[in-house]
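Overview (structure and organization)
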Amino acid sequence: MAAKHSAGLLLFRRRAEVEVLLAHMGGPFWAKKDEAAWSLPKGELEDGEDPAAAARREFAEELGLPAPEGEWHALGDVRQSGKVVTAWAVEADLDPAAIVPGTFELEWPPRSGKKQEFPEVDRVGWFGLAVAAEKLVKGQRAFLDRLADVV
């Protein structure tokens, strides 16, 4: 069985230091976690979908905003929790207050038979690279190192 494949965008901006936009994963599993509970906006490819198209679609689905225009810099692939994640870095600014996150449905509490709707991400924020390395899920941290080649 082939590994699942996700794609996403890592937005960055230049302030006093380089900052990246991260999304805190929504839902009950992540609600009380902060360290290693953030991700770049990403999601799974649909059958036969181009990874760049998936990254653009998932950005819009997760944040409720169109993917930013600008030059996309390939950051390659990483393995995260048994799947492959492909990412691009894009220099852009985004107001975290402007996001309108998509939602997903989950049986919660487990085995209760009750379905609840949760936001895909419950907040987003800009972080300097050192803080981002603490917040980002471990499998995606290599993208921060690769971003150094872009900036």
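Each chain has its residues counted from 1, running along the sequence as written. Under the rules for a predicted model, residues below a pLDDT of 70 receive no local features and side-chain atom pairs below 80 are neither given nor counted, while totals for whole chains, interfaces and linings still include all residues. Hydrogens and water are ignored here; the side-chain numbers use all heavy atoms of the structure.

So, on to the overall build of the protein chain. To qualify as a helix, a DSSP run of H or I must reach at least 4 residues; to qualify as a strand, a run of E must reach at least 2; elements of each kind are numbered from the N terminus. For the protein chain, the count of helices and strands is 3 helices and 9 strands. The linear arrangement of helices and strands in the protein chain, starting from the amino end, is β-β-β-β-α-β-β-β-β-β-α-α. Using C-alpha atoms as the atom set, the radius of gyration is obtained and then compared with a globule rule of 2.2 Å times the number of residues to the power 0.38. For a compact globule of 151 residues, the expected C-alpha radius of gyration is about 15 Å, and the protein chain comes in at 15 Å, within 12% of that figure. Projected onto its principal axes, the C-alpha positions of the protein chain cover 50 × 35 × 25 Å. Note on contacts: a residue pair is in contact if any heavy atoms of the two residues lie within 4.5 Å. Within the protein chain, contacts between residues at least 6 apart in sequence are counted, and of these 65% link residues at least 24 apart. For this count, His and the chain ends are skipped, Lys and Arg are scored as positive, and Asp and Glu as negative. Note on charges: their place is set at NZ of Lys, CZ of Arg, CG of Asp or CD of Glu. Measuring between centres, the 19 positive side-chain charges of the protein chain sit 7 Å from its 26 negative side-chain charges.

With that out of the way, let us pick up the nonpolar core. Within the largest apolar cluster, 21 residues are counted, with the highest numbers of intra-cluster contacts made by L9, L11 and L94. Contributing elements (two or more residues each) for this core: strand 1 (4-14), strand 2 (18-25), helix 1 (51-63), strand 6 (83-91) and strand 9 (121-128). Considering every element that reaches this core, the biggest residue donor is helix 1, with 4 residues. L9 has contacts with L40, P41, A55, F59, A67, P68, W72, W88 and V90, leaving out every residue within four places of it along the chain. Counting residues in each nonpolar core, the second largest holds 19 residues, with A132, F143, L144 and L147 among its members. Buried residues of nine kinds, namely Ala, Val, Leu, Ile, Met, Phe, Trp, Tyr and Cys, make up a nonpolar core once their side-chain atoms join them within 4.5 Å. Three exposure classes are used, based on accessible area relative to the maximum for each residue type with a 1.4 Å probe and protein chains only: buried under 20%, partly exposed in between, and exposed over 50%.

Think of a salt bridge as a Lys or Arg side-chain nitrogen and an Asp or Glu carboxyl oxygen that are within 4 Å of each other. Throughout the structure, instances matching the rule amount to 12 salt bridges. Taking the shortest distance from any N to any O, the salt bridge between R123 and D34 comes out at 3.7 Å. Of this pair, R123 sits in strand 9 while D34 sits in the loop between strand 2 and strand 3 (38-39), and the two are 89 residues apart along the sequence. For D34, a relative accessible area of 33% translates into the label partly exposed. Within the structure, one salt-bridge network assembled from shared partners comprises E46, E49, R57, E58 and E61.

Attention shifts here to helix 3 (residues 142-150). Since the α-helix turns once every 3.6 residues, residues separated by three or four places project in the same direction. For helix 3, every residue scored as buried is listed here: F143, L144 and L147. Along the long axis of helix 3, the arc covered by the buried residues comes to 100°, so they all point the same way. For helix 3, the exposed residues lying more than 90 degrees away from the buried face are D145 and D149. Summarising the geometry, the arc corresponds to the directions from the helix axis toward the C-beta atoms.

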